[in-house]
Amino acid sequence: EHKRVRRKVFVDSDDLRNLNALFSQIQSEVDTLVVLCSAEILQRPWCIGEMTVAFVNEVRTVRVTLPSFVPLDDAWIGALEDIDGILVLSEYGMSLSVVR
């Protein structure tokens, strides 16, 4: 606990065994989602899921863009199905059209 921090801080982890709990936490307990935009973030389905949940639920989102980040383009959006594991998001109510 830090005396200057007045809110709870949630740090995402590598524990991806329960994505339902992770997405639920973002939906109901997160005031601001800080996204570290790295070269790999758009290749990780769970990160895409977290951003989608935040967007759909109007959670304030702040981007921290790292030098390696490559922004989205139409080619990426068109090839979304090719991301390894992306279809797992449909198990959590996120169709590819919602993710796009």
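Right, let's walk through the structure included here.

About the thresholds
- Residues numbered from 1 in each chain as written.
- Predicted model: local features only at pLDDT ≥ 70, side-chain atom pairs only at ≥ 80, totals over all residues.
- Heavy atoms only, no water.
- Phe/Tyr/Trp six-rings, centres within 6.5 Å; stacked < 30°, edge-to-face > 60°.
- Helix = DSSP H or I, 4+ residues; strand = E, 2+ residues; numbered from the N terminus.
- Buried < 20%, exposed > 50% of the residue type's maximum accessible area, 1.4 Å probe, protein only.
- Axes fitted to C-alpha atoms, helices over the stretch in contact; angles between N-to-C directions.
- Left-handed = near helix turned anticlockwise from the far one by under 90°.
- Contact = heavy atoms within 4.5 Å.
- Nonpolar A, V, L, I, M, F, W, Y, C, P; charged D, E, K, R; others polar.
- Salt bridge = Lys/Arg side-chain N within 4 Å of Asp/Glu carboxyl O.
- Core = buried A, V, L, I, M, F, W, Y, C linked by side-chain atoms within 4.5 Å.

## Topic: the packing of aromatic side chains
Then, number 1: Inspection of the entire model under this criterion finds 1 aromatic pair.
Then, number 2: Ring geometry for phenylalanine 23 against tyrosine 92: centres 5.4 Å apart, planes inclined by 85°, an arrangement best described as edge-to-face. Taken as a pair, phenylalanine 23 in helix α1 (residues 19-29) and tyrosine 92 in the loop between α3 (74-78) and α4 (96-99) lie far apart in primary sequence, 69 residues in all.
Then, number 3: What makes phenylalanine 23 buried here is its relative accessible area of 5%.

## Comments concerning the packing of α1 against helix α2 (residues 45-56)
Then, number 1: Where α1 contacts α2, the axes come no closer than 9 Å and their chain directions differ by 30°. With respect to the hand of their crossing, α1 and α2 are arranged in right-handed fashion. Residues Leu19, Leu22, Phe23, Ile26 and Gln27 of α1 touch α2, and the partners they reach there are Trp46, Gly49, Glu50, Val53 and Ala54.
Then, number 2: Looking at the contact of α1 with α2 residue by residue, the class counts come to 7 nonpolar, 2 polar and 1 charged.

## Side note on the pattern of salt bridges
Then, number 1: According to the stated counting rule, one finds 1 salt bridge in the structure shown.
Then, number 2: One salt bridge connects glutamate 81 with arginine 100, and the closest N-O pair in it is separated by 2.1 Å. Placement of the pair is glutamate 81 in the loop between α3 and α4 and arginine 100 in the segment after α4, with a sequence separation of 19 residues.
Then, number 3: For glutamate 81, a relative accessible area of 38% puts it in the partly exposed group.

## Brief notes about the environment of glycine 49
Then, number 1: With respect to the helices, strands and loops of the structure, glycine 49 is situated in helix α2.
Then, number 2: Judged by its relative accessible area of 0%, glycine 49 is buried.
Then, number 3: Excluding its chain neighbours within four sequence positions, the residues that come into contact with glycine 49 are Phe23, Leu89 and Met94.

## Things to note about the nonpolar core
Then, number 1: Formed by 24 residues in total, the largest nonpolar core has its most connected members in Phe23, Ile48, Leu80, Ile86 and Leu89.
Then, number 2: When contributions to this core are tallied by element, the ones reaching two or more residues are α1, β1 (32-37), α2 and α4.
Then, number 3: Excluding its chain neighbours within four sequence positions, the residues that come into contact with isoleucine 86 are Pro45, Ile48, Leu80, Glu81 and Leu96.

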